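If you want the building blocks of each chain, they are given just below.
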Amino acid sequence: MRIANVGGRLHLQERDVLVDVAEASEGRFSSDPQAVYARWTEFRDWAATRPGPASLPATPVDVGAPVPRPRQCLAVGLNYADHAEESGLKLPEEPFVFPKFSSCIADPGSPLVLPNSTIDWEVELVVVIGAIARDVSEATVWDRVAGLTIGQDISDRTLQFAGPAPQQFGLAKSLRGFGPLGPWLVTPDELADPDDLEITCLLNGEVVQQSSTKHLIFDVRRVVSYLSRHLTLHPGDVIFTGTPSGVGFGRDPQVYLRPGDELLSRIEGLGELRTAVRGNE
């Protein structure tokens, strides 16, 4: 199953068309895309009675983030060995978690306005929770996942490493527009192997990041289980799972986003997320 936020309303993909959920369900489900996660099991059962999707249609216009207002937005850093190496940091022994404040969530296609000259890209697989998760075993994690989407963990490197210690991860990755998501929310059963998805980022048409989610140090099961031991995860919560190597900060010389740039983020089976870069006018 694939869903999208089109014009601020929840839509379900059926074959090569998009269906307005509130209208098709005769008001049983809200048009609000965020509201569906609190009733995810019921919604999935309803959607299963309808014709199944056959192929991914072109991204519609006026698409919003499939999770526009998550209660919690969390992120995992240094979760690919090659990214830890390019950052000059040791591999973590446990998931390195920081908050990515939910006000940073942005729609696909929304312009990224640069606050300064050291803004970096990080393509990431994003997990969306579909049921309360507390002390969840790794074996049952996928039962608590609503679906997967594409995210960019945009980062202000100056702010991130400001001060006596590099402890501003959360703030530096949560500025306005620093969390574009979308365009689709795809359920795990739509994917041949949700633990092995090609992940790519292009800057102005040039590949700058390319890997597979099978190279995550802590995979989706481990990350969600770990978080659920310390926090209560709620339906509609969002988890950025980490980025592979190829970010601008790790290059020699370093490369940062400039006005007029375009990021194209791809994850196998999840579509494409485009982000246009603008100056702070």
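These figures come from a predicted structure and were not determined experimentally. Counting of residues starts from 1 at the beginning of each chain's written sequence and follows it residue by residue. Since the coordinates come from a predicted model, pLDDT governs what is reported: local features require at least 70, and pairs of side-chain atoms require 80 or more to be given and counted, while whole-chain, interface and lining totals use all residues. Note: side-chain values were computed over all heavy atoms of the structure, leaving out hydrogens and water.

Draft legend 1. Spotlight on the overall build of the protein. Only DSSP runs of H or I with at least four residues qualify as helices, and only runs of E with at least two residues qualify as strands; both kinds are numbered from the N terminus onward. Helix and strand counts for the protein come out as six helices and 18 strands. Reported as C-alpha extents along the three principal axes, the dimensions of the protein are approximately 55 × 40 × 30 Å. Of all 281 residues assigned to the protein, the portion counted as buried reaches 53%. Two residues qualify as a contact provided that any one of their heavy atoms is within 4.5 Å of a heavy atom in the partner residue. Taking contacts inside the protein between residues at least 6 apart in sequence as the whole, the part at least 24 apart equals 76%. Charge counting follows a simple rule: Lys and Arg are positive, Asp and Glu are negative, and His as well as the terminal groups are ignored. For the purpose of locating charges, the reference atoms are NZ of Lys, CZ of Arg, CG of Asp and CD of Glu. Between the mean site of the 25 positive side-chain charges and the mean site of the 38 negative ones, the protein shows a separation of 4 Å. Each residue is placed in one exposure class: buried if its accessible area under a 1.4 Å probe, protein chains only, is under 20% of its type's maximum, exposed if it is over 50%, and partly exposed if it falls in between.

Draft legend 2. Structural detail: the sheet that holds strand β18 (residues 271-278). For two strands to count as paired, DSSP must find a minimum of two bridges between them. Across the sheet, five strands lie side by side as β8-β18-β17-β14-β15; this open sheet has mixed pairing. The open sheet has two edge strands with one neighbour each: β8 (112-113) and β15 (206-212). Direction of pairing for β8 relative to β18: parallel, over a ladder of two bridges. Its bridge partner lying in β18, V113 is registered against R278.

Draft legend 3. Broad picture of the pattern of salt bridges. Salt-bridge detection follows one rule: a side-chain nitrogen of Lys or Arg within 4 Å of a carboxyl oxygen of Asp or Glu. Evaluation of the coordinates by the stated rule reveals 16 salt bridges. We note a salt bridge from R9 to D20, for which the minimum N-O separation is 2.6 Å. Of this pair, R9 sits in strand β2 (residues 9-14) while D20 sits in strand β3 (residues 17-20); the two residues are 11 residues apart in sequence, bridging distant segments of the chain. E262 is the salt-bridge partner of R274, the closest N and O atoms lying 3.2 Å from each other. With a gap of 12 residues between them, R274 in strand β18 and E262 in strand β17 (residues 262-267) connect regions that are remote in the sequence. On the basis of relative accessibility, which here comes to 40%, the residue R274 falls in the partly exposed class. E262 gets classed as partly exposed once you look at its relative accessible area, which sits at 33%. By sharing partners, the salt bridges in this structure join K100, D120, E122, D153, R157 and K173 into a single network.

Draft legend 4. Spatial organisation of the pairing of β3. In this sheet, β3 lies alongside β2 in antiparallel orientation, the contact comprising four bridges. Its bridge partner lying in β3, Q13 is registered against L18.

Draft legend 5. Main features of the side chain of E14. Relative to the elements of secondary structure, E14 occurs in strand β2. Setting aside residues no more than four positions away along its own chain, E14 makes contact with V19, R50 and P51.

Draft legend 6. Local environment of the environment of W184. When you line up the elements, W184 lands in strand β13 (residues 179-186). For W184, a relative accessible area of 1% puts it in the buried group. Spatially, the C-alpha atoms of W184 and H83 are 26 Å apart, while their sequence positions differ by 101 residues.

Draft legend 7. Broad picture of unusual backbone geometry. With omega at 0°, the peptide bond leading from G182 into P183 counts as cis. The residue P183 is located in strand β13 in this model. In this structure, P253 follows D252 across a cis peptide bond, with omega equal to 0°. Mapped onto the fold, P253 is located in the loop between β16 (238-240) and β17. Non-glycine residue E26 carries a positive phi angle of around 55°. Along the chain, E26 turns up in the loop between α1 (21-24) and α2 (40-48). Taking relative accessible area as the criterion, E26 reaches 77% and is therefore assigned exposed. The backbone of N204 shows a phi angle near 55°, a positive value even though the residue is not glycine. Tracing the sequence through the fold places N204 in the loop between β14 (198-203) and β15.

Shape is all these values report; function is a separate question.
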